[in-house]
Amino acid sequence: MAGGDDTPKAPPPTPADASKDMPKDSSTATDRLAQVSAHLTLKSNTTRQRRRKSANSYLPADYSDILGQVTALQKIASTPDLKNRGYVRQKVAGKLWVRERVEQLLDPGSFTEVGSVSGTVKWKQTGPRSEDPLEYVPSNNVQGFGRLRGRKIVFTADDFSIRAGHADGALIEKTIYMEKLAIALKLPIVKLVDGSSGGGSVTTIRSMGFSYVPPLPSFAQVVTQLNMGIPNLGAVVGPAIGLGAARVVACHFSVMAGNIGSLFNAGPSVVANATFEEGLSFTDLGGPSMHCTNGTIDNLAPDEAGCFEQLRTVLSYLPNVGTQIPPVIESEDPIDRADEGLRTIIPRAKNRMYNPRAIISSVVDNSSFFEIGALWGTTAIVGLARLAGKPVGIVSLNCEVNAGALDALGSQKITRMLKFCDTFNIPLLQFVDIPGYAIGTVAERTATMRHGVTLAATYYATTMPIFSIIVRRVYGVAGGIMLDCRDPRMRVAWPSGVWGSLPLEGGIEVGHSFELKEIERKQGKEARDKRYKELDDEYNRLMNPVRTANAFGIEEIIDPAYTRRVCCEWVSHVYESLLPQRVMERVAGKLNPMFT
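Residues numbered from 1 in each chain as written. Predicted model: local features only at pLDDT ≥ 70, side-chain atom pairs only at ≥ 80, totals over all residues. Heavy atoms only, no water.

Student: Give a detailed account of the confidence of the model for the protein chain, specifying residues and quantitative values.
Tutor: In the predicted model, the protein chain carries a mean pLDDT of 90, and 90% of its residues have values of at least 70. Counted against residues more than four places away or in other chains, residues 1-10, with its pLDDT under 50, gives one contact. (pLDDT = per-residue confidence, 0-100. Contact = heavy atoms within 4.5 Å.)

Student: Please set out the nonpolar core residue by residue, giving values where relevant.
Tutor: Counting 67 residues, the largest nonpolar core has Val190, Leu192, Leu311, Ile414 and Tyr459 as its most contacted members. Looking at this core, you find at least three residues from each of domain 1 (97-118 + 139-203 + 214-316) and domain 2 (340-494 + 558-588). Residues contacting Ile414, with those up to four places away along its chain left out, are Ala380, Val382, Val395, Leu406, Leu455 and Tyr459. Counting residues in each nonpolar core, the second largest holds 29 residues, with Leu342, Ile381, Trp494 and Trp570 among its members. (Core = buried A, V, L, I, M, F, W, Y, C linked by side-chain atoms within 4.5 Å. Buried < 20%, exposed > 50% of the residue type's maximum accessible area, 1.4 Å probe, protein only. Domains from an automatic or database assignment.)

Student: Describe the packing of helix H20 (residues 513-523) against helix H21 (residues 525-542), naming the residues involved and giving the relevant values.
Tutor: With their axes 7 Å apart at the nearest point, H20 and H21 run at an angle of 150° to one another. Considering their axes alone, H20 and H21 lie roughly antiparallel with respect to each other. When you trace H20 past H21, the crossing you get is right-handed. On H21, the residues that touch Glu515, Leu516, Ile519, Glu520 and Gln523 of H20 are Lys525, Ala527, Arg528, Arg531, Tyr532 and Leu535. (Axes fitted to C-alpha atoms, helices over the stretch in contact; angles between N-to-C directions. Helix = DSSP H or I, 4+ residues; strand = E, 2+ residues; numbered from the N terminus. Parallel < 35°, antiparallel > 145°, perpendicular 65-115°, else oblique. Left-handed = near helix turned anticlockwise from the far one by under 90°.)

Student: Quick rundown of the packing of helix H5 (residues 98-105) against helix H13 (residues 304-316)? Include the residues and the values.
Tutor: With their axes 10 Å apart at the nearest point, H5 and H13 run at an angle of 45° to one another. Here H13 runs oblique to H5, going by the angle between their axes. In this structure, the crossing between H5 and H13 has a hand that is right-handed. In this structure, H5 contributes Arg101, Gln104 and Leu105 to the contact, and H13 contributes Glu304, Phe308, Leu311 and Arg312. Looking at the contact of H5 with H13 residue by residue, the class counts come to three nonpolar, one polar and three charged. (Nonpolar A, V, L, I, M, F, W, Y, C, P; charged D, E, K, R; others polar.)

Student: Provide a residue-level description of the packing of aromatic side chains, including the pertinent values.
Tutor: Tallied over the entire structure, the rule returns six aromatic pairs. Note on Phe111 and Phe155: the rings are 5.5 Å apart at their centroids and 55° apart in plane angle, and the pair reads as tilted. Of the two residues, Phe111 is situated in the loop between H5 and strand E1 (112-113) and Phe155 in strand E5 (residues 151-158); the sequence distance between them amounts to 44 residues. Look at Phe111 and you get partly exposed, because its relative accessible area is 33%. Against the face of Phe160 rests Lys95, its NZ or CZ located 4.1 Å from the ring centre. A cation over an aromatic ring shows up here: Lys152 above the ring of Phe145, its NZ or CZ 5.1 Å from the ring centre. (Phe/Tyr/Trp six-rings, centres within 6.5 Å; stacked < 30°, edge-to-face > 60°. Lys NZ or Arg CZ within 6 Å of the ring centre and 35° of its normal.)

If you want it as structure tokens, here you go:
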């Protein structure tokens, strides 16, 4: 038809047709939109049901209730109860409270407690699932981490004000845990003992309802620490009883507070029933005059502060563990410092005494000598010192006691020092003036030779480097042990040195007994004395130390004034070359010193 378009038109597209023409992604989006729309419609037509609150919904989401309980218990434990009879008893006795001790011992701000809320708690229920502490008796042992002059340590401190440290107020698991931590972390452990350290009490039987075979669960760890060379340091700051006594005596080093310290296997009441010794005080039974003079405790301090200072001092010489080299510090004392006074300190008359501590103090770094065991085994002097800032052990004989003859206690003291140095990789410097083992009925009665042979075995069983200065006499088995225990020998002699199998005094009588008796029988005592003097002069001439050096019986005779320089050169070589190798052998398990 003119003027028109008779071509049929397609019907308008339906949504389905449109969706067919849309891309696949657009189709998927449309379907998803439809699903969401249907879901929202369904929600709007559904009656909402209120969700029932659970029991936990009443508890704060930030756990402030639990943290509040911890804070409350910690506050109780750290605040002294001024009316508590145990606290009052502590103060009347002149003793610090346990947390005062911790504060004085450790570097300021370094205390981190472990087991801060351990103890006995009586709870009060405040809700279906909530409660608050009503009564709290803390564990009678404060333990944790701290620092001594910057050195990190593990420590335990008894609280005598709570059940006198007995087991029914303690949690032995805490102590065992800290002993294990010292091993695992290779950290020194310090023990402040005041009471029984968790030892037994008969009241424990009543609370448990039965008796028990006494266990000793923590001592396996203690022995491991001692032999690993993890410093184990203890202080007696009150009565150390039973297990408490054993714990502190088992340390590498121990010290007792002279004004309040005592130590015994059982207290006066038990002793009175067992031995009928009545009326004994703690001091009578086991005070400083008893145990600081028989070797049970190493050192005596005037008070608790003195104990703490000695613990800090001893630790400064020791590594954290036997697989480390002892700590070296800077020293302002010149290595080549000479002391001309040493040339005249040994009298020409061999029966005259001198001050052996003056020799030690002159040779080592200024003010670095720390004596251990000054009140027992007094025929020997032992301790720690530094040469050019490097720690060394010190052994010297003491001519001012028993003429320097080594008795049973002196042998025990040196034996302990040798093991100490071997365990901590500390080289040993010896000042030798030994006339031999002690003689006479007292010496025989106290088993001098038995302890002397134990000392000999220890000299040969240990492996730390030893350097010896012969300042005067070297006689007999005892002298041979001290100087012949290393191969090659590291030793020098002063010009005052004399040596032999026996001292001339008595030795001439033995060696020329028949001759002298015959002269006296035939010619009289005056002729005998004349011959004795001739022999004495001859032997003294032959015993000139230079003659021994001519035969290379002594490696070198030095000027005493320059002893410090010789010793510093030796110890510097030990620290640079020998100790690193020794530490590697200990790490590899090839070298295993034994302190126990």
